[in-house]
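Spelled out from the first residue to the last, the chains are:
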There are 2 protein chains.
Amino acid sequence: MPASRAKKAAAAPRKRDAAVTREAILKSARRAFAAHGYDGAGVREIAADAGVTAMLVNRYFGSKEGLFAEAVDDAMSGASVIRKDMSDLASLGDYLAAGVLETTDPDATPLDGSLMMVRTGGTTNPRVIEIGRKQIEKMHLKTLTAALKGDNAAERAALILSLIAGVQIMRQMIGLTPLAKTSPAALQKLLAPVIQQLVDGK
Amino acid sequence: MPASRAKKAAAAPRKRDAAVTREAILKSARRAFAAHGYDGAGVREIAADAGVTAMLVNRYFGSKEGLFAEAVDDAMSGASVIRKDMSDLASLGDYLAAGVLETTDPDATPLDGSLMMVRTGGTTNPRVIEIGRKQIEKMHLKTLTAALKGDNAAERAALILSLIAGVQIMRQMIGLTPLAKTSPAALQKLLAPVIQQLVDGK
DNA sequence: TTCGTATGTATACGGTCGTAGACATAGATC
DNA sequence: GATCTATGTCTACGACCGTATACATACGAA
């Protein structure tokens, strides 16, 4: 058997199924963008992880920006920081605090949109930031604002999201010691009343 | 007058003063890193803004990472989110809230370290994140923790920094509508009691 | 005045990036 | 079974990145 014959052995040559391939790229993109941000994730890396060539990404999504837009939409609509019955305002602080402190290993979970949300700020490309901002406002901010009672609901909701984003950045991306080393349960006890204060509006 | 004679006209050919040049590069680096993050800022851009060649940056600072380390140190030690008499705990929430909502135009101000702090999370390079994390812990976290009374001072301080970072990201980098469009004074009224709650430790 | 050295520049190398264009082939259609 | 098209790959281009090497020159000491 001549060596030039076997392409690389191993992996089966991939079935030609557009829907399946598209979904694989999207899933790979969600993980990559969440883990490394828009600038940090390369289309070659995303494609390889999905088992395809980089050019297929562009064929399906037009460009890296197009892929990002779909990935963010997919991640945020599939599951949100805000996903329970919002009517129970009394326990919302505790619930959201628990959600923030979930480990959310980006390589394992389907990934709720919050890490993606956070990663949006990492780039400088204005169009990319715009994509992220609009999705955050449409999915998270709108839902949370609608649930809150009292004055300045939108501003309080925005502050809640800011707090969530800040904790995630400091804990998961930067690894700030008191957040990274303390148990989620202990942190939750400290974080929950702070969020609750914003929920109640003083 | 032959055209080949005048290099580019305009700018004087720069005095040869190592200290001045070094400082100019550092200042330019602070602005660039704060505005575009570590990955987003290029050494050519930083050098050009300081009026020198890219290679001078490496001559003075060894590498881009070395420059970043010095820039972060410079920005955070020069002025900090924490800069007033910390003994007045009763007004600390209001004071910090006001500080966060300062416009801090990165192209104009000497730049306190908070935007730099935030931008640190934007990269994926572990050594760069480490540089930022250590500086945050040494400058901001340590000072703030020392000022707080009661249990879990370090964790509460970390949450305060997280909230500050989150608000800055959402407001200045992402431009989340309720934060970007609302007046600083109004936001301060909402934000101050939240921070104060973490200062007081419930 | 001479000359050594600190200061700054010019050029280029190897690498990665996003993506354009030409080519290959599996699988449905007749 | 022949053919057509969607699906996927290969190669390469141009632009940027950080930085190493080689060169030019202003300044201070002799």
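Keep in mind it's a predicted model, so treat the numbers as computed, not measured.

A look at the relation of the copies chain B and chain A
When chain B is fitted to chain A, the best match, at an RMSD of 0.0 Å, comes from turning it 180 degrees and sliding it 0.0 Å along the axis. The superposition of one copy onto the other is thereby described by a two-fold rotation axis.

Structural notes on unusual backbone geometry
For N152 of chain A, which is not glycine, the phi torsion reads 55 degrees and is therefore positive. Looking at the element boundaries, N152 of chain A is found in the loop between α7 (126-147) and α8 (153-174).

So, the pattern of salt bridges
Close approach of charged atoms allows side chains of opposite charge to pair. Residue and element names in this part refer to chain B. Within this structure, the stated rule accounts for 14 salt bridges over all chains. R30 is the partner of D74 in a salt bridge, and the nearest nitrogen-oxygen pair spans 2.2 Å. Taken together, the positions of D74 in helix α4 (residues 64-78) and R30 in helix α1 (residues 18-40) put the pair 44 residues apart, joining distant regions of the chain. For D74, a relative accessible area of 22% translates into the label partly exposed. Here R30 falls in the buried class, since its relative accessible area comes to 14%. Linking E137 and R133 is a salt bridge whose minimum nitrogen-to-oxygen distance equals 3.0 Å. Placement of the pair is E137 and R133 together in helix α7 (residues 126-147), with a separation of 4 residues, close to one helical turn. Summarising the burial analysis for this pair, E137 and R133 share the class buried.

Quick word on the protein's contact with DNA strand D
Surveying the vicinity of DNA strand D reveals 23 residues, the closest of which are R16, T53, R59 and Y60 of chain A together with K64 of chain B. Within 4 Å of the protein, the atoms of DNA strand D are drawn from sugar and phosphate moieties in a proportion of 51%. R44 of chain A has a polar side-chain atom sitting 3.4 Å from a base nitrogen of DNA strand D. Taking K64 of chain B, its side chain carries an N or O atom lying 2.6 Å from a phosphate oxygen of DNA strand D. Elements that contribute at least two residues to the surface near DNA strand D include exactly α1 (18-40) and α3 (54-61) of chain A together with α2 (43-50) and α3 (54-61) of chain B. When residues of the surface near DNA strand D are assigned to their parent elements, the largest contribution, 4 residues, is made by α3 of chain A.

A word on helix α2 (residues 43-50) of chain A
Because an α-helix completes one turn every 3.6 residues, residues spaced three or four positions apart along the sequence face the same direction. All names here are of chain A. All of the buried residues along α2 are I46, A47 and A50. One side of α2 holds all its buried residues, which, seen down the axis, span an arc of 95 degrees. Facing away from the buried side of α2, by more than 90 degrees, are the exposed residues R44 and A48. At the C-terminal side of α2, G51 shows a positive phi close to 80 degrees.

Conventions adopted
- Residues numbered from 1 in each chain as written.
- Chains lettered and ligands numbered in written order.
- Predicted model: local features only at pLDDT ≥ 70, side-chain atom pairs only at ≥ 80, totals over all residues.
- Heavy atoms only, no water.
- Least-squares fit on C-alpha atoms with pLDDT ≥ 70 in both.
- Helix = DSSP H or I, 4+ residues; strand = E, 2+ residues; numbered from the N terminus.
- Salt bridge = Lys/Arg side-chain N within 4 Å of Asp/Glu carboxyl O.
- Buried < 20%, exposed > 50% of the residue type's maximum accessible area, 1.4 Å probe, protein only.
- Near = heavy atom within 4 Å.
- Polar contact = N/O pair within 3.5 Å; in protein donor to acceptor, adjacent residues only side chain to side chain.
- Arc of directions from axis to C-beta.

In short, geometric facts, not functional conclusions.
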